[in-house]
Amino acid sequence: MIGRPLILFYVSVLVMLFFSGCAHRTVKDQTGPVELKNVSSVSPIQKSSSPEKVSPELGEKDDVFDEFEEEYKGKSIQVADPLAPWNRLMFHVNDKLYFWFLKPLARGYTFIFPGVIRTGVKNFFRNIFTPIRFTNSLLQGRSTAAGHEFASFIFNSTWGVLGFGEPAQKKLKIPLSDEDFGQTFGAYGIGNGFYIVWPVIGPSTLRDSVGLVGDRFLNPISYVDPISLAVGIWFYDRLNETSFRIGEYEAIKEAAIEPYEAIRDGYIQFRKAKVAE
Amino acid sequence: MKSFGYLMLFTLISTVSVLADDQYTAEELLKSKIEAVMSVLANKDLEQQAKKKEVSEIVTPIFDFSLMAKLTLGKKHWPDIPEEKKKKFTDLFVKLLKDFYLDKMNQYTDEKIIFKSSVKVNNKVHIPTEVISKDTKFSMLYKFYKSKNGWKIYDIEVEGVSLIVTYRSQFDHVLRKGTIDDLLIKLENREITDSTLATDPKQSI
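For clarity, every value in this text was computed on a predicted model and none was experimentally measured.

1. With respect to the overall build of chain A
- Across its full length, chain A holds 13 helices and 2 strands.
- Counting all 277 residues of chain A, 39% fall into the buried class.
- A fraction of 71% describes how many contacts in chain A between residues 6 or more apart in sequence connect residues 24 or more apart.
- Approximately 15600 Å² of chain A is accessible, and the part contributed by carbon and sulfur atoms is 70%.

2. What to know about the overall build of chain B
- Helix and strand content of chain B: 7 helices and 6 strands.
- Counting from the amino terminus, chain B carries its helices and strands in the arrangement α-α-α-α-α-β-β-β-β-β-β-α-α.
- Counting across all 205 residues of chain B, residues that qualify as buried make up 48%.
- Excluding contacts between residues fewer than 6 apart, the proportion of contacts in chain B whose partners are at least 24 apart in sequence is 50%.

3. With respect to the environment of K33 of chain B
Residue and element names in this part refer to chain B.
- Along the chain, K33 turns up in helix 2 (residues 22–42).
- For K33 and K44, which are 11 residues apart along the polypeptide, the C-alpha to C-alpha distance reads 19 Å.
- Once you skip the residues sitting within four places of it in the chain, K33 turns out to touch I58, P61 and I62.
- A polar contact of 3.0 Å, which involves the side chain of K33, links it to the backbone oxygen of I58.

4. Section: the side chain of D91 of chain B
All names here are of chain B.
- Along the chain, D91 turns up in helix 5 (residues 83–105).
- Taking relative accessible area as the criterion, D91 reaches 14% and is therefore assigned buried.
- In this structure the side chain of D91 is engaged in a polar contact, spanning 2.7 Å, whose partner is the side chain of K87.

5. Some words on unusual backbone geometry
Residues and elements named next belong to chain A.
- One non-glycine residue with positive phi stands out, namely V161, at about 50°.
- In this fold, V161 is placed in the loop between helix 7 (143–158) and helix 8 (167–170).
- A positive phi is found at L162, a non-glycine position, where the angle reads about 60°.
- Considering the arrangement of structural elements, one finds L162 in the loop between helix 7 and helix 8.

6. Structural notes on the pairing of strand 4 (residues 137–147) of chain B
Residues and elements named next belong to chain B.
- Among the 11 residues in strand 4, 8 count as buried, and that is most of the element.
- As paired elements, strand 3 (residues 124–132) and strand 4 share 9 bridges and run antiparallel to each other. In the strand pairing of strand 4, V125 is matched with F144.
- Judged from the 8 bridges that link them, strand 4 and strand 5 (residues 150–158) form a sheet pairing that is antiparallel. Pairing of M140 across the sheet is with V158, part of strand 5.
- Joining the antiparallel neighbours strand 4 and strand 5 is a turn of 2 residues.

7. Section: the nonpolar core
- Core analysis: the largest hydrophobic core is formed by 57 residues, its most contacted members being F89, F93, F171 and L183 of chain B.
- The contacts of F89 of chain B, once residues within four sequence positions are left out, are A69, T72, L73, W78, F171, L183, L184 and L187 of chain B.
- V79, I221, Y249 and Y267 of chain A belong to the second-largest nonpolar core, a separate cluster that totals 22 residues.

8. Considering the side chain of R168 of chain B
- Tracing the backbone shows R168 of chain B in helix 6 (residues 163–177).
- Every residue in contact with R168 of chain B, bar those within four places of it in the chain, is listed here: E69 and Y72 of chain A together with L71, T72 and G74 of chain B.

9. Re helix 10 (residues 206–218) of chain A
- A rise of 1.5 Å per residue sets the reference length of helix 10 of chain A, with its 13 residues, at 18 Å; its end C-alpha atoms lie 19 Å apart and thus fit the reference within 8%.
- Those residues of helix 10 of chain A that sit buried are R207, D208, S209, G211, G214 and D215 of chain A.

10. Description of the packing of aromatic side chains
- A full pass over the atoms with the stated rule returns 25 aromatic pairs over all chains.
- An angle of 90° between the planes, with centres 5.8 Å apart, marks the rings of Y109 of chain A and Y236 of chain A as edge-to-face. Taken together, the positions of Y109 of chain A in helix 4 (residues 84–112) and Y236 of chain A in helix 11 (residues 227–245) put the pair 127 residues apart, joining distant regions of the chain.
- Note on F124 of chain A and F125 of chain A: the rings are 5.7 Å apart at their centroids and 70° apart in plane angle, and the pair reads as edge-to-face.
- The class of F124 of chain A is partly exposed, set by a relative accessible area of 26%.
- An aromatic cluster is built from Y109, F113, F124, F125, F129, F164 and Y236 of chain A, whose rings are joined through pairwise contacts.
- We note K122 of chain A situated over the ring of F244 of chain A; from NZ or CZ to the ring centre the distance is 4.5 Å.
- The ring of F115 of chain B has K31 of chain B lying over it, and the distance from NZ or CZ to the ring centre is 5.1 Å.

About the cut-offs
- Residues numbered from 1 in each chain as written.
- Chains lettered and ligands numbered in written order.
- Predicted model: local features only at pLDDT ≥ 70, side-chain atom pairs only at ≥ 80, totals over all residues.
- Heavy atoms only, no water.
- Helix = DSSP H or I, 4+ residues; strand = E, 2+ residues; numbered from the N terminus.
- Buried < 20%, exposed > 50% of the residue type's maximum accessible area, 1.4 Å probe, protein only.
- Contact = heavy atoms within 4.5 Å.
- Areas by Shrake-Rupley, 256 points an atom, 1.4 Å probe, with all protein chains shown as cover.
- Polar contact = N/O pair within 3.5 Å; in protein donor to acceptor, adjacent residues only side chain to side chain.
- Pairing = 2+ DSSP bridges.
- Core = buried A, V, L, I, M, F, W, Y, C linked by side-chain atoms within 4.5 Å.
- Expected span 1.5 Å × (residues − 1).
- Phe/Tyr/Trp six-rings, centres within 6.5 Å; stacked < 30°, edge-to-face > 60°.
- Lys NZ or Arg CZ within 6 Å of the ring centre and 35° of its normal.

Structure representation (structure tokens):
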């Protein structure tokens with residue numbers, strides 16, 4: 001209850017910032033000298049096609065433009081980012097953590113352990129995380145998905161030897177859903193709140209952070225006794241997962257001109273799609 | 001007279017099939033393009049650079065790049081931009097898409113693509129697909145619309161993340177604080193960092 005007015009305050013500050021930003025823009029919006037080099041590096045295919053293609057379409061396709069604009073107006077998702085200075089800092093911390101620590105480690109790990117072992121480990125973790133997916137499928141009223149989770153857990157834990165194999169998916173074609181508390185809250189109509197970047201964990205929102213706490217209770221790793229061991233196991237899962245995903249973060253960053261915004265808005269869109277699933 | 005009759009009949013049949021098969025055509029188009037791309041990528045005799053060029057030639061005709069460029073700026077910014085800068089922006093944006101996505105495409109060799117049933121809204125067709133490889137699985141949605149020159153892609157969503165929406169908010173962020181020139185400079189500078197990355201041998205692992 002204490003948090004709510006605070007959020008409202010942050011949001012109103014954000015709105016004010018937004019409008020003052022707009023005001024600045026009109027002042028700054030004079031066309032100064034452009035320092036651009038010749039675009040000689042443009043590929044030949046594009047060069048030949050753009051003059052006849054780009055220019056005529058610019059003028060006449062305005063009704064088409066309107067129609068598409070409609071589609072994107074409703075879709076452009078804005079998330080409140082009152083913690084932007086902290087978030088940006090954490091974004092950089094995580095970025096360095098990835099490039100200096102996690103990525104080299106994952107590379108070494110990939111080099112030592114063949115894909116079969118890493119896939120087995122991945123399956124093992126996915127299997128022990130069943131309670132999270134099972135409970136949240138139930139909470140969202142998806143009994144079929146919950147049934148799939150349950151059946152899959154039984155098969156993979158036995159036939160799949162403690163979950164290292166996944167015969168339930170490979171042989172029986174039982175689909176697994178990827179549900180968590182954040183999505184359950186989303187399905188109940190609870191909004192994102194605001195964006196927050198956690199160190200090590202990465203992008204999240206207020207809603208999803210609360211969700212993560214809920215997920216922790218259903219995560220068997222949380223009940224491992226010395227907490228240092230639990231953290232170790234959690235980290236190992238992270239490392240193993242990263243070994244399959246080297247290059248993904250780099251790709252997102254590379255394609256972005258504003259990486260912080262790209263990842264923030266990407267995360268919000270990604271979660272929105274997950275909730276809608 | 002007879003030939004005229006044939007002509008009429010032919011026109012009639014072709015219009016009917018066009019009307020009936022709108023959705024089908026977009027799907028078939030996408031399928032044939034993806035197949036063509038896959039066979040180029042699977043070709044072991046081709047150099048990386050040659051592959052990129054061929055893939056670009058296959059894929060370029062089905063994208064409406066100029067519309068995509070407009071959409072990333074939106075009604076909010078596009079009309080305020082001087083004509084010659086619109087052109088420059090479009091060229092740089094297309095280059096960004098090509099540089100980046102063609103580079104990434106080379107990594108996809110053993111993937112299987114599953115087509116799901118498409119959704120038709122007015123003159124748009126959204127075709128959901130699933131890309132399945134050994135270890136990962138992700139959804140990819142191709143958004144087509146019917147232009148004068150046939151079906152064209154105007155957006156792609158990967159795991160629900162739209163290319164247009166993502167660039168739109170980034171460009172908006174730049175334009176809110178600065179001018180179109182700042183954005184053009186940012187787009188140009190990106191190329192420089194990109195080429196240094198491309199020559200980095202570690203990148204190929």
